[in-house]
Amino acid sequence: MTNNSPGVRAASGPDTTVSQSEHRGILLVFAGLMVAMLLAALDQTIFATALPTIVGELDGVNHMLWVTTAYILAATIMMPVYGKLGDLVGRKYLFMAAIALFMVGSVIGGLAQDMTSLIVGRAVQGLGGGGLMILAQAIIADVVPARQRGKYMGIMGGVFALASVAGPLLGGWFTESIGWRWAFWMNIPLGVLALVSAGAFLHLPKVERSRPRIDVAGMVLLALASTCVVLVTTWGGSTYDWASAQIFGLIVGAIVLGVAFVLVERRAAEPVMPLFLFKERNFVLTTVAGLFVGIAMFGAMAYMPTYLQMVTGKSATVAGLLMIPMMGAMLITSIVSGRVVTRTGRYKFFPVFGLGFVGLSLVLLSTLSAGQAVWVICAYLAVLGLGLGLSMQILILIVQNTFPIRVVGTATASNNYFRQIGASIGSAVVGSLFVQRLTDLLAERMPAGASGGTDTNAFTPAAVQQMPDAIKDVIVSSYNDALMPVFLYIAPLAVLGLIALLFVKETPLATRIDRGSDPTGSATDAADGVVDPVTGAGTPVDPSGAELEDGLGDGHHPKHAAQEPARV
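The paragraphs below set out a description of the structure included in this document. (Residues numbered from 1 in each chain as written. Predicted model: local features only at pLDDT ≥ 70, side-chain atom pairs only at ≥ 80, totals over all residues. Heavy atoms only, no water.)

## Considerations on the overall build of the protein
The number of helices and strands found in the protein is 19 helices and two strands. Taken across its 568 residues, the protein has 55% of its residues classed as buried. Within the protein, contacts between residues at least 6 apart in sequence are counted, and of these 82% link residues at least 24 apart. Summed over all atoms, the accessible surface of the protein reaches about 22,600 Å², with 64% contributed by carbon and sulfur. (Helix = DSSP H or I, 4+ residues; strand = E, 2+ residues; numbered from the N terminus. Buried < 20%, exposed > 50% of the residue type's maximum accessible area, 1.4 Å probe, protein only. Contact = heavy atoms within 4.5 Å. Areas by Shrake-Rupley, 256 points an atom, 1.4 Å probe, with all protein chains shown as cover.)

## A short note on the packing of helix α15 (residues 349-365) against helix α16 (residues 374-402)
Two elements in contact, α15 and α16, have axes whose closest approach is 7 Å; the angle formed by their N-to-C orientations is 150°. For the element pair α15 / α16, the angle class is roughly antiparallel. Both α15 and α16 take part in a crossing whose hand is left-handed. Contacts between α15 and α16 involve Phe350, Pro351, Gly354, Leu355, Phe357, Val358, Leu360, Ser361, Leu364 and Leu365 from the first element and Tyr380, Leu381, Val383, Leu384, Leu386, Gly387, Leu388, Leu390, Ser391, Ile394, Leu395 and Ile398 from the second. Residues that form the contact of α15 with α16 fall into these classes: 18 nonpolar, four polar and no charged. (Axes fitted to C-alpha atoms, helices over the stretch in contact; angles between N-to-C directions. Parallel < 35°, antiparallel > 145°, perpendicular 65-115°, else oblique. Left-handed = near helix turned anticlockwise from the far one by under 90°. Nonpolar A, V, L, I, M, F, W, Y, C, P; charged D, E, K, R; others polar.)

## What to know about helix α4 (residues 92-111)
Spanning 20 residues, α4 covers 29 Å between terminal C-alpha atoms, matching the ideal 28 Å at 1.5 Å per step. Of the positions making up α4, those classed as buried are Lys92, Leu94, Phe95, Met96, Ala98, Ile99, Phe102, Met103, Gly105, Ser106, Gly109 and Gly110. (Expected span 1.5 Å × (residues − 1).)

## Brief notes about the environment of Thr439
Within the element layout of this structure, Thr439 appears in helix α17 (residues 408-445). On the basis of relative accessibility, which here comes to 29%, the residue Thr439 falls in the partly exposed class. C-alpha of Thr439 to C-alpha of Ser478: the two residues are 39 residues apart in sequence and 8.7 Å apart in space.

## Overview of the pattern of salt bridges
Tallying each qualifying case throughout the model produces four salt bridges. For Lys84, the salt bridge goes to Glu270, with nearest N and O atoms at 3.0 Å. Residue Lys84 is found in helix α3 (residues 64-89), and its partner Glu270 is found in the loop between α10 (245-267) and α11 (281-301); the two are separated by 186 residues along the sequence. Using a relative accessible area of 14% as the deciding quantity, one classes Glu270 as buried. Salt-bridge contacts for Arg91 lead to Asp87; the nearest nitrogen and oxygen are separated by 2.8 Å. In this structure, Arg91 and Asp87 share a single accessibility class: buried. (Salt bridge = Lys/Arg side-chain N within 4 Å of Asp/Glu carboxyl O.)

## So, the packing of aromatic side chains
What the rule picks out here adds up to eight aromatic pairs. A connected cluster of aromatic rings, assembled from ring pairs, spans Phe276, Phe278, Phe283, Phe403, Tyr417 and Phe418. (Phe/Tyr/Trp six-rings, centres within 6.5 Å; stacked < 30°, edge-to-face > 60°.)

## Concerning a nonpolar patch on the surface
A cluster of nonpolar side chains, namely Val363, Val429, Leu433, Leu488 and Tyr489, defines an oily patch on the protein surface of about 400 Å² accessible area. Elements supplying a minimum of two residues to the nonpolar patch: α17 and α19 (469-502). Structurally, the position occupied by Val429 is in helix α17. (Patch = residues over 30% accessible without salt bridge, like charges linked within 9 Å, V, L, I, M, F, W, Y side chains within 5 Å.)

## Some remarks on the environment of Gly150
Summarising the element assignment, Gly150 is placed in helix α6 (residues 146-176). Between the C-alpha atom of Gly150 and that of Arg339, which follows or precedes it by 189 residues, the distance is 6.0 Å. In contact with Gly150, other than residues within four places in its own chain, are Gly338, Thr342 and Leu397.

## Digging into the environment of Gly328
As for its position among the elements, Gly328 is in helix α14 (residues 324-344). Relative accessible area serves as the criterion here: at 24%, Gly328 is assigned to the partly exposed category. On a C-alpha basis, the gap between Gly328 and Ala161 in space is 7.3 Å, while along the polypeptide they are 167 residues apart.

## Some points on the packing of helix α9 (residues 216-235) against α10
One can describe the packing of α9 onto α10 by two numbers: an axis separation of 8 Å at closest approach and a directional angle of 155°. For the element pair α9 / α10, the angle class is roughly antiparallel. The handedness of the crossing between α9 and α10 is left-handed. Along the contact surface, α9 presents Ala217, Gly218, Leu221, Leu222, Leu224, Ala225, Cys228, Val229, Leu231, Val232 and Trp235, while α10 presents Ile247, Leu250, Ile251, Gly253, Ala254, Leu257, Gly258, Ala260, Phe261, Val264 and Glu265. Class assignment for the residues of the contact of α9 with α10 results in 18 nonpolar, three polar and one charged.

Distances and angles like these do not, on their own, reveal function.
Below, the structure written as structure tokens:
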């Protein structure tokens, strides 16, 4: 179909969306962003297989939980802070500072001679890691308009899938060969590469802003409330009973601090999490869906590797490899869906179908039995991967398309923050229900006087495989029957997320980067479509692939009054 509209030059193919220099500049920046995101993603999983050896060497089994919790807590707290500061002062040097902070944490962890130093190193890593993911996603929004952004966001989703498999495998390999400290040391050359890439190639457009007013009170209150939530999900049902005074106090503290945070945000000049975000229907719906995705994803991922070891008798390495179907499906669907969104401009049905697959996978997983063939387990996990790949990064794209670039970092960080909270809640809820059911089932089924009794802490995969068949069969069947039904309990969350997404308004993906001064998106200056991150120059882009003449007017952002479809 030929377009004879004034101001539009015919496109000869998809490569005409950006000039060769612009495309090369974006790829150079994107490569650096992917290295930084890989650092953050790997550090959430790489210590899963190395922890038993680490705590044994440093004599700190009682503090083992904090090696993971310190990183998650620090990263969760910093996500909204990085998002807001990036919008206020710019993202390039903040991004480089986050990389440097992550590297400092890696050095502290690599040199650790006791558990205290190790936990401090992990916390410092988290302080930087929370910015790596958020700022990378926001920087892509700085240089590529939403219509062209899908393919990049899809690859970002693939990085998480890769890290989820590569992390445990690398952790195990380091531990068994060159030493667990290399889980820290490997971050140094990768961090240097990311720093050099950002310093040399990342030249973001400058936006004039007044002197920033930092919402210190809001940041502190959000950090304290987040700490309470993460500690509840970490300690509840394990360190402290759910009905204990400690857990009750943390829950009350989270509620009080949350209310205080909302009151402060209503009056803050530059709130760290502006309340106007929650006036946008698409933001609220995708954030709710993202929270449910976090619960389902991490609820399943946290326990499936151990389940595969306990029930199928596989080694830790093989159990990690058996997760590849899930991650492979997630990698493929994330990349493919992103490219389809870029080509067609349609996106709503992807996360809707994605949540449908997530719900289906949870139901399928709940039907597994102790004697199930391994390929069946892998197939069900692949269905979960399909759903996650279709939904996770598209939800972020919808959020970014809802707001102008002035607040895209804040909006992206807020959405990711609630997903991270969902991940903490999911792991805690699944873990608590699983342990309670396992204890009850073992008490019912274990033969009288059996060695080990019902002490679940004594049931390591290796120990179970050495037990007599009569006892081993009881433990394996109890393990299966305790965990699998829990997936059925959380399946309705995926259905609720799907229902929420049905009400998302599919506004046209912006073909220009809206740099309007009004943070609610009510004003725009019809800014350039693709910004060359090397030169800072811009080229307006039509979604069909044709370049637009300078001066082409409104209608290229969903917030404009004229909501005409893209011209082709």
